[in-house]
Amino acid sequence: MRKKDYHKIPGRLKILYRLLYIGIFLVMIELIFLLSGSGNTQKGENNAEHEQIENLILIHSDTSPEGEEQVEIEVPKNSPLLQLSDSPEIRVVIKNSDFSDIFHDTVEVTCAGEFVLSDESSGAKIAYEAGERLEITSASPCFLNGDVIQIIPRQEQLLQVSGIQRHYGIPCYRGCLEVRRTDRGLVLINQLPFEEYLYSCVPSEMPSSYPMEALKAQAISARTYAFRFLLSPGYPEYEAHLDDSTTYQVYNNIKEQDSTNQAVDETRGQILFTSAGELTESYYYSTSCGVGADGDIWGNEDYPRYLDAKLLNAHAMEEYLEECKSPLVAIGGTDFSDEKQFEAFITCVQESDFESRENWYRWKYQVEDIDMEELHRQLKRCSGKSKWSVQVLKEGCFTTGEVKPFTCVERMVISERGRGGNVQAMILYTDSGVYQVQGGQNIRELLLNDNNHFQLVDGSTTTLSNMLPSSFFILDTGKVDGNVVGYTIVGGGLGHGVGMSQNGAKNMAYAGYTAQEILTFFYNDCLIYAGG
């Protein structure tokens, strides 16, 4: 409106115009404040989004009779789930042919395609043709300017390492190889993508012929186990995460298989975790006797409760799926730490046990004539492991002391069991003293005397060279003139008994259970994280 026109407007309208201008002014002031507040709100939303990234919300799918239910779980920002990239690489120390040592005198490498030797210190590279052999010793000139070299294929070809034997022959490796020169010999390290590591780990730990849901359970368990060492390397002095032996997980002892590769691919990125966002300690073993052990078998009384002892049968599984989440070994008031309860259990076959038809489900071992010198040597060797492995009775208490030579054993008594029935301590009464042996593995090694043949479920026999198959057994001694001359052991299972039984998983998969159901049964109430 022009100024000259304004003077022609009647007085009442002038007042209305003034009120209108004032209203517009007030509205503009309010808008300024709102916009200013909106900026603060936006900042708050950005902060919330940042917190959402730090405190990741995971979606866990839970299948129930009513359908699939999704549960949100908040993971703390310091959770290991958030500490690695989406595509990490793993570094595996390759041991010698019998897995006894990590040091090599010679490393010989070849490849079906072209490959390159790279000196880390100088950056120099030497090219090799397909099929050409590269032999490396500590004195080799290929260590151009330092003690670390890498061998890298030009394309995605496998590198073959002669001089090392694995179950399937001369092993081949994905990724690249690193050779480190040390005072004790050469250390060989295979560096490759984390998921590709599992391609050669899963078939080495579980037969590829097992049903797919069992293979998936194994893949998730193995992935979780290895993930822990990405965060806390087992060989920090070599910047490596783990090795390829049973000390960690067996890797590339069996070559890749289509079924196990499929299991890895279909569970890509999936790992087990607790509701607090902590990695599950995903131990596993071969075969159970129908019950698993607590996680305290290695002396850790503060073991995570998802590793509680449990019955491994169809009834226990159904109870679990019906939300009976208490330690399953307690069903019916059973506690296998009681000698009589466990004896009644281990001397019969429970048809409902998932592994009742597995050969290692029950086994028998006999020593007719104890070799006392060998028994003393084994006892002495056990005593050197730690202060608590073998203790001597002094003034009514077991304490550290010398294991003296003995010529006879008056009694052999199992003195302590875990809730799963696994032997945890045994006492030997000898003519040179009374000795308490602690730890299931120590006792398994000690009792493998002059015979290494075991009778299995189907009546066949097989041999083991290092220790008894498991610590789930009862001991019956034979005496002459009051002294023990031999013993018979009736036991069950193969392996330490903590976490997932692989043959249990196989039979559960055949019964129609999914990998998720299998894993959350063996690792009580743990969940599967499937990526952020």
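Residues numbered from 1 in each chain as written. Predicted model: local features only at pLDDT ≥ 70, side-chain atom pairs only at ≥ 80, totals over all residues. Heavy atoms only, no water.

Colleague: Would you explain the packing of aromatic side chains in this entry?
Modeller: Within a pair of aromatic rings, the relevant descriptors are the distance that separates the centres and the angle that separates the planes. Applying the stated criterion across every chain, the model contains 18 aromatic pairs. Ring-pair connections join several aromatic residues into one group, and the members of that group are Tyr-173, Phe-194, Tyr-197, Phe-227 and Tyr-251. Against the face of Tyr-303 rests Arg-305, its NZ or CZ located 4.2 Å from the ring centre. The lysine or arginine in question, Arg-362, covers the ring of Phe-345, its NZ or CZ lying 5.3 Å from the ring centre. (Phe/Tyr/Trp six-rings, centres within 6.5 Å; stacked < 30°, edge-to-face > 60°. Lys NZ or Arg CZ within 6 Å of the ring centre and 35° of its normal.)

Colleague: Help me understand the side chain of Gln-378, please; the structure alone is not making it clear to me.
Modeller: Positionally, Gln-378 belongs in helix 8 (residues 372–383). The buried category is assigned to Gln-378, whose relative accessible area is 11%. A polar contact of 3.2 Å, which involves the side chain of Gln-378, links it to the side chain of Arg-381. (Helix = DSSP H or I, 4+ residues; strand = E, 2+ residues; numbered from the N terminus. Buried < 20%, exposed > 50% of the residue type's maximum accessible area, 1.4 Å probe, protein only. Polar contact = N/O pair within 3.5 Å; in protein donor to acceptor, adjacent residues only side chain to side chain.)

Colleague: What's the story with helix 8 in this structure? I'm lost.
Modeller: It helps to recall that an α-helix has 3.6 residues per turn; residues three or four apart then point in one direction. Taking 1.5 Å per residue as the helical rise, helix 8 with its twelve residues ought to reach 16 Å, and the 16 Å between its terminal C-alpha atoms agrees with that figure. Buried residues along helix 8 sit in contact with strand 18 (390–394), strand 20 (409–417), strand 21 (423–430), strand 22 (433–438), helix 9 (440–447) and strand 26 (483–491). With a side-chain oxygen lying 3.2 Å from the backbone nitrogen of Glu-373, the N-terminal cap of helix 8 falls on Asp-371. (Expected span 1.5 Å × (residues − 1). Contact = heavy atoms within 4.5 Å.)

Colleague: Looking at this model, I keep getting lost on the packing of helix 6 (residues 314–321) against helix 11 (residues 515–522). Mind explaining?
Modeller: To describe two helices that pack against each other, one gives the angle between their axes and the distance between the axes. Relative to each other, helix 6 and helix 11 sit at 95°, their axes nearing to 11 Å. Between helix 6 and helix 11, the interaxial angle falls into the category roughly perpendicular. Facing Ala-316, Met-317, Tyr-320 and Leu-321 of helix 6, the residues of helix 11 in contact are Glu-517, Ile-518, Thr-520 and Phe-521. Class assignment for the residues of the contact of helix 6 with helix 11 results in six nonpolar, one polar and one charged. (Axes fitted to C-alpha atoms, helices over the stretch in contact; angles between N-to-C directions. Parallel < 35°, antiparallel > 145°, perpendicular 65-115°, else oblique. Nonpolar A, V, L, I, M, F, W, Y, C, P; charged D, E, K, R; others polar.)

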